[in-house]
Amino acid sequence: MELRHLRYFVTVAETGHMTRAAALLGMQQPPLSQQIKALEQELGLVLLHRHPKGVSLTDGGRQFLEEAKRLLRDFTDMRDRMARLASGQHGVLTIGFTSSAAAHAFTPAVLRACRSEQPGIALTMTEDNAAGLTEAIAKGKLHCGFLRVPVAQPEGVGFETLLTEPALLALPLDHRLASVPRASTTPVPLGELENQDLILVRRPGAPGLYANLLALCERHGVRPRSFIEVDRMTMNLNLVAAGAGISVVPASMRGMHAHSIVCRPLEKHAQLEAPLTLAYRSHDQAGPTGTFLALARRIAQTHRDA
């Protein structure tokens with residue numbers, strides 16, 4: 001039994017006439033009659049009463065008609081869903097964020113745009129550090145993710161810088177560097193990091209924003225006193241607010257713990273860039289993933305032009 005046999009039967013049942021059904025189906029009446037008889041033989045069930053003026057349904061035929069129409073509807077719905085999936089308008093998309101990427105105004109903007117413009121795409125979201133997101137994307141557990149500086153670049157994962165912003169020095173409110181006049185706009189010389197306790201969000205030995213900070217300190221002969229390493233940017237800020245040390249954070253995170261943290265720019269020659277990076281599977285740029293990537297790039301361009 002094939003889908004065409006179901007269509008043949010439904011057309012015959014709804015017209016009540018073999019010849020008229022054949023005309024609607026674009027075929028001759030004898031082959032259609034043979035197909036219906038073959039269907040009845042396969043089912044072991046008489047579906048139609050034949051009479052000089054046409055056909056009528058048996059009790060079994062009425063039940064089979066409902067089943068056939070349901071199957072045809074299901075097939076049509078499935079075909080339409082697959083077409084929307086292929087066009088990138090339907091499906092499930094799993095996205096990951098680091099906490100610092102989620103704090104950027106871009107993130108809610110792109111999510112709102114996706115929900116508004118592509119209601120057929122169901123978004124599933126998770127938070128992790130850059131290493132965890134990259135690994136999940138490489139293993140196919142996530143379609144894409146937003147992070148700052150990549151800490152690894154496994155084969156099959158692409159990285160694209162969407163936006164950049166400066167990194168700011170984050171200081172506890174009672175720190176001596178936080179109490180200068182106009183602190184929020186007055187640059188801090190890199191040498192002030194000498195003998196300071198630094199809080200870092202990084203995988204030891206891996207690249208990233210905090211590895212860049214340590215490399216900058218080394219180039220200028222600046223030696224911090226100690227390091228505290230944590231997995232999340234939010235934990236980093238929590239520790240700064242508690243007075244455990246100082247750190248650098250992307251400018252978009254200015255304002256978090258506003259009553260406990262003061263953010264200051266670094267001096268010009270020591271400025272660090274905090275990019276917002278889109279990570280995705282290089283071979284997966286079609287369907288919902290492709291739609292979302294194009295949307296993210298468009299929203300990022302809007303932010304760059306603002």
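Going by the structure above, here's the rest.
Residues numbered from 1 in each chain as written. Predicted model: local features only at pLDDT ≥ 70, side-chain atom pairs only at ≥ 80, totals over all residues. Heavy atoms only, no water.

**Student:** Explanation requested: the packing of aromatic side chains in the structure shown.
**Tutor:** How two aromatic rings sit relative to each other is given by the distance of their centres and the angle of their planes. One pass over the full model with this rule turns up four aromatic pairs. Here the aromatic rings of Phe-97 and Phe-146 are separated by 5.5 Å at their centres, their planes lie at 10°, and the arrangement is stacked. Separated by 49 residues along the polypeptide, Phe-97 in strand 3 (residues 91-97) and Phe-146 in strand 5 (residues 144-147) bring together distant segments of the chain. Comparing Phe-97 with Phe-146 shows no difference in burial state: the two are buried. Considering the side-chain rings of Phe-146 and Phe-292, the 6.1 Å spacing of their centres and the 70° angle between planes classify their relative orientation as edge-to-face. (Phe/Tyr/Trp six-rings, centres within 6.5 Å; stacked < 30°, edge-to-face > 60°. Helix = DSSP H or I, 4+ residues; strand = E, 2+ residues; numbered from the N terminus. Buried < 20%, exposed > 50% of the residue type's maximum accessible area, 1.4 Å probe, protein only.)

**Student:** Explain helix 1 (residues 3-15) to me, please; I cannot follow it from the model alone.
**Tutor:** For an α-helix the count is 3.6 residues per turn, leaving residues at separations of three or four pointing the same way. Compared with an ideal rise of 1.5 Å per residue, which puts 13 residues at 18 Å, helix 1 spans 19 Å between its outermost C-alpha atoms and is within 8% of the ideal. Burial in helix 1 covers these residues: His-5, Leu-6, Tyr-8, Phe-9, Val-10, Thr-11, Val-12 and Ala-13. Trailing helix 1 by a residue or two, Gly-16 shows a phi angle of about 70°, which is positive. (Expected span 1.5 Å × (residues − 1).)

**Student:** Even after reading the chapter, I still don't get the environment of Met-256, so can you show me in this structure?
**Tutor:** For Met-256, the location among the structural elements is in the loop between strand 9 (247-250) and strand 10 (261-265). Classification of Met-256 as partly exposed rests on a relative accessible area of 33%. Taking C-alpha positions, Met-256 is 19 Å from Leu-272, a pair spaced 16 residues apart along the chain. Excluding residues within four positions of it along the chain, Met-256 makes contact with Thr-234, Leu-237 and Ile-261. (Contact = heavy atoms within 4.5 Å.)

**Student:** Looking at this model, I keep getting lost on the pairing of strand 1 (residues 48-51). Mind explaining?
**Tutor:** Here is the key point about a regular strand: its side chains alternate between the two faces of the sheet. Relative to strand 2 (residues 54-57), strand 1 runs antiparallel, the two sharing four bridges. Residue Arg-50 lies in a different strand from strand 2, and its bridge partner there is Val-55. What sits between the antiparallel neighbours strand 1 and strand 2 is a turn of two residues. (Pairing = 2+ DSSP bridges.)

**Student:** Hey, could you run me through the packing of helix 6 (residues 106-117) against helix 10 (residues 287-305) in this one?
**Tutor:** How two helices pack is summed up by the angle between their axes together with the distance between the axes. At a minimum axis distance of 10 Å, the contact between helix 6 and helix 10 shows a crossing angle of 130°. Classed by the angle they form, the pair helix 6 and helix 10 counts as oblique. Along this stretch, helix 6 crosses helix 10, giving a crossing that reads as right-handed. Residues Phe-106, Ala-109, Val-110, Ala-113, Cys-114 and Glu-117 of helix 6 pack against Phe-292, Leu-295, Ala-296, Arg-298, Ile-299, Ala-300 and His-303 of helix 10. Classifying every residue of the contact of helix 6 with helix 10 by side-chain character gives ten nonpolar, one polar and two charged. (Axes fitted to C-alpha atoms, helices over the stretch in contact; angles between N-to-C directions. Parallel < 35°, antiparallel > 145°, perpendicular 65-115°, else oblique. Left-handed = near helix turned anticlockwise from the far one by under 90°. Nonpolar A, V, L, I, M, F, W, Y, C, P; charged D, E, K, R; others polar.)

**Student:** Could you clarify how one ought to interpret the nonpolar core in this entry?
**Tutor:** If you look at soluble globular proteins, the nonpolar side chains tend to sit buried side by side. Within the largest apolar cluster, 37 residues are counted, with the highest numbers of intra-cluster contacts made by Leu-169, Leu-193, Tyr-210, Leu-213, Val-248, Val-249 and Leu-272. Of all the secondary structure elements, the ones that give two or more residues to this core are strand 6 (157-172), strand 7 (197-201), helix 8 (209-219), helix 9 (233-241), strand 9 and strand 10. No other element matches helix 8, which puts six residues into this core. Among all residues touching Leu-169, those that are not within four sequence positions of it are Leu-177, Val-188, Leu-193, Ile-246, Ser-247, Val-248, Val-262, Cys-263, Arg-264 and Leu-266. Ranked by size, the runner-up nonpolar core spans 25 residues in total, among them Leu-111, Leu-123, Cys-144 and Leu-293. (Core = buried A, V, L, I, M, F, W, Y, C linked by side-chain atoms within 4.5 Å.)

**Student:** Which parts of the structure should I look at to understand unusual backbone geometry?
**Tutor:** Comment: phi is negative for the bulk of residues other than glycine, and the bulk of peptide bonds are trans. One non-glycine residue, Arg-182, lies in positive phi territory at about 50°. Within the secondary structure layout, Arg-182 lies in the loop between strand 6 and strand 7. On the basis of relative accessible area, Arg-182 is assigned to the exposed category, the value being 66%. Positive phi, normally seen in glycine, also occurs at His-257, with a value near 55°. Secondary-structure assignment places His-257 in the loop between strand 9 and strand 10.

Shape is all these values report; function is a separate question.
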